[in-house]
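Chains, contacts and geometry: an overview
Here is how the chains run, residue by residue.
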Amino acid sequence: MRGRPKRGHNGGPPLDDYAGPPWGKGDAYKFLVWRKAHNNAWKAPSREVALMRLSKAEQLGLTYEEYTLEILERGRHLQAEDGDRAAQIRARRRRSKDTSG
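Conventions adopted
- Residues numbered from 1 in each chain as written.
- Predicted model: local features only at pLDDT ≥ 70, side-chain atom pairs only at ≥ 80, totals over all residues.
- Heavy atoms only, no water.
- Core = buried A, V, L, I, M, F, W, Y, C linked by side-chain atoms within 4.5 Å.
- Buried < 20%, exposed > 50% of the residue type's maximum accessible area, 1.4 Å probe, protein only.
- Helix = DSSP H or I, 4+ residues; strand = E, 2+ residues; numbered from the N terminus.
- Contact = heavy atoms within 4.5 Å.
- Polar contact = N/O pair within 3.5 Å; in protein donor to acceptor, adjacent residues only side chain to side chain.
- Salt bridge = Lys/Arg side-chain N within 4 Å of Asp/Glu carboxyl O.
- Expected span 1.5 Å × (residues − 1).

Membership of the largest hydrophobic core is limited to eight residues, which are Ala-57, Leu-60, Leu-62, Tyr-67, Ile-71, Leu-78, Ala-86 and Ile-89. Contributions of two or more residues to this core are made by α2 (47-60), α3 (64-74) and α4 (83-100). What Ile-71 contacts, discounting residues up to four positions off in sequence, is Arg-53, Arg-76 and His-77.

A few words on the side chain of Glu-66. Mapped onto the elements of the fold, Glu-66 is located in helix α3. Side chain to side chain, Glu-66 and Arg-93 meet in a polar contact 2.8 Å long. Beyond its immediate stretch of four places on either side in the chain, Glu-66 contacts Ile-89 and Arg-93.

Tracing the backbone through its elements, the reader meets Ala-87 in helix α4. Placed 27 residues apart in sequence, Ala-87 and Leu-60 show a C-alpha to C-alpha distance of 8.5 Å.

Our focus in this paragraph is the pattern of salt bridges. A complete count under the given rule lists four salt bridges for this structure. Between Glu-70 and Arg-74 there is a salt bridge, with the nearest N and O atoms lying 3.1 Å from each other. With Glu-70 and Arg-74 both in helix α3 and four residues apart, this pair spans about one turn of that helix. Look at Glu-70 and you get buried, because its relative accessible area is 3%. Classification of Arg-74 by relative accessible area gives partly exposed; the value is 48%. For Asp-82, the salt bridge identified is with Arg-76, shortest N-O distance 3.3 Å. Overall, Asp-82 belongs to the buried group, its relative accessible area being 14%.

Here we come to helix α1 (residues 28-41). Along an α-helix, residues three or four apart share an orientation, since each turn contains 3.6 residues. Between the first and last C-alpha of α1 there are 20 Å, a value that for 14 residues agrees with the 20 Å anticipated at 1.5 Å per step. Two or three places before Tyr-29, at the start of α1, stands the capping residue Asp-27, its side-chain oxygen 3.1 Å from that residue's backbone nitrogen.

So, about α2. With 14 residues, α2 should cover 20 Å at 1.5 Å per step; its first-to-last C-alpha distance of 20 Å lies within 8% of that length. Immediately downstream of α2, the backbone of Gly-61 shows phi near 75°, a positive value.

Here's what the structure looks like:
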């Protein structure tokens, strides 16, 4: 019996460099389910939906990817009234640039 996952672990496949099979040391079925869910979540939307997301993202000062990720993570579209949340996302972007560069 494997030990309990660490706190905050979502049970997905490993993200680090690993020379073994793509699903790591865990369950191959779980890897395949996660990969299918990821592909379904990020499949290309219709042109109209993509343009609408791009427009709303630009109004909030976010990238298309940041706006779409917010929809996928939180299940809601950000509006003009969500300026505080957009500011948090922009601040997180700045912090990641500061630490990577």
